[in-house]
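What follows is the residue order along each chain.
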Amino acid sequence: MRSRKSSSAEAPSQLTFSFDTMGLVAGVDEAGRGPLAGPVVAAAVILDELQPILGLADSKVLTERRRELLFDEIRAKALAFCIAEASAAEIDQLNILQATLLAMKRAVEGLRLKPAKVLVDGNRLPLLKMPAEAIVKGDAKVQAISAASILAKVTRDRLCLEMDARWPQYGFAIHKGYPTPAHQEALRLHGPCPQHRQSFAPVRRATLALALSSSSVTLTSSS
């Protein structure tokens, strides 16, 4: 799957930032570090203070329906946003941390407006050309990061639906690629699909088991 990009009541417990004192501030978050398959998705968002969005929060605490509604509202009201990916192949090549940072970098660089500062959820920062700050649990503290988490989560969930339509035997629509017992059993039965991350241990084990099984069948047939 190729990397994609698209750009286009305030919670009292969250932080807001004034452009007058700081310039434009972008929030950045990702979705999909833990799954066994598919890309990791990152989003960068610059919110518009004149168009507040009610109910922004960490995407993980929102219902699917609420995330979908906020996804459309963020895209309509944000001053700028960009959604980017690092593919499963890039994850295998770089490792999941570096691939995540790469997706974040792509998201920030894809913004149509250049932020004066970038606020990133977590404790690691991508290599950027502007000042940046990592904020642990930032998706629950900073509205722009909350917005980014929602864009990334909804986008990745939709990609999982596409994967499910192409490879229905794995159940991507249900577990979204995470290593549930059902997913790991499907891996055991069918082996990996092209979107599985070969650098992740359960996928490696499934690939090895499939190879050993195929070798055993070949030897039995030969004898």
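Residues numbered from 1 in each chain as written. Predicted model: local features only at pLDDT ≥ 70, side-chain atom pairs only at ≥ 80, totals over all residues. Heavy atoms only, no water.

> Quick question: what am I supposed to make of the side chain of H175 here?
Among the secondary structure elements, H175 is positioned in helix α6 (residues 172-175). A polar atom in the side chain of H175 sits 2.8 Å from the backbone nitrogen of G177. (Helix = DSSP H or I, 4+ residues; strand = E, 2+ residues; numbered from the N terminus. Polar contact = N/O pair within 3.5 Å; in protein donor to acceptor, adjacent residues only side chain to side chain.)

> Got a minute to help me understand the layout of surface pockets in this structure?
Any space left empty among the atoms is revealed by the rolling of a water-sized probe across them. Approximately 400 Å³ is the volume attributed to the largest pocket. Elements with a minimum of two residues in the lining of the largest pocket: β2 (25-31), α4 (96-109) and α5 (143-166). In terms of residue class, the lining of the largest pocket is made up of 5 nonpolar, 6 polar and 12 charged. (1 Å grid on protein atoms, 1.4 Å probe; cavity = no way out; pocket = protein on both sides within 12 Å on 5 of 7 lines; lining within 4 Å. Points joined across faces, edges and corners; volume = space filled by probe spheres on them. Nonpolar A, V, L, I, M, F, W, Y, C, P; charged D, E, K, R; others polar.)

> Mind showing me how you'd approach the nonpolar core here?
In a soluble, globular protein the nonpolar side chains are often hidden away together inside. In terms of nonpolar packing, the biggest core is built from 29 residues, with V28, V40, V108, L111 and V118 touching the most fellow members. For this core, the elements supplying multiple residues, two or more each, are β2, β3 (40-46), β4 (80-86), α4, β5 (117-121) and α8 (201-222). Ranked by the residues each element gives to this core, the list is headed by α4, at 8 residues. Membership of the second largest hydrophobic core comes to 28 residues, among which are I53, L62, I74 and I83. (Core = buried A, V, L, I, M, F, W, Y, C linked by side-chain atoms within 4.5 Å. Buried < 20%, exposed > 50% of the residue type's maximum accessible area, 1.4 Å probe, protein only.)

> What's the story with unusual backbone geometry in this structure? I'm lost.
Positioned with a positive phi, N95 is a non-glycine residue whose angle comes to about 100°. In this fold, N95 is placed in the loop between α3 (88-94) and α4. A positive phi angle, near 55°, is found at K176, a position not held by glycine. The residue K176 is located in the loop between α6 and α7 (181-190) in this model. We classify K176 as buried; its relative accessible area is 17%.

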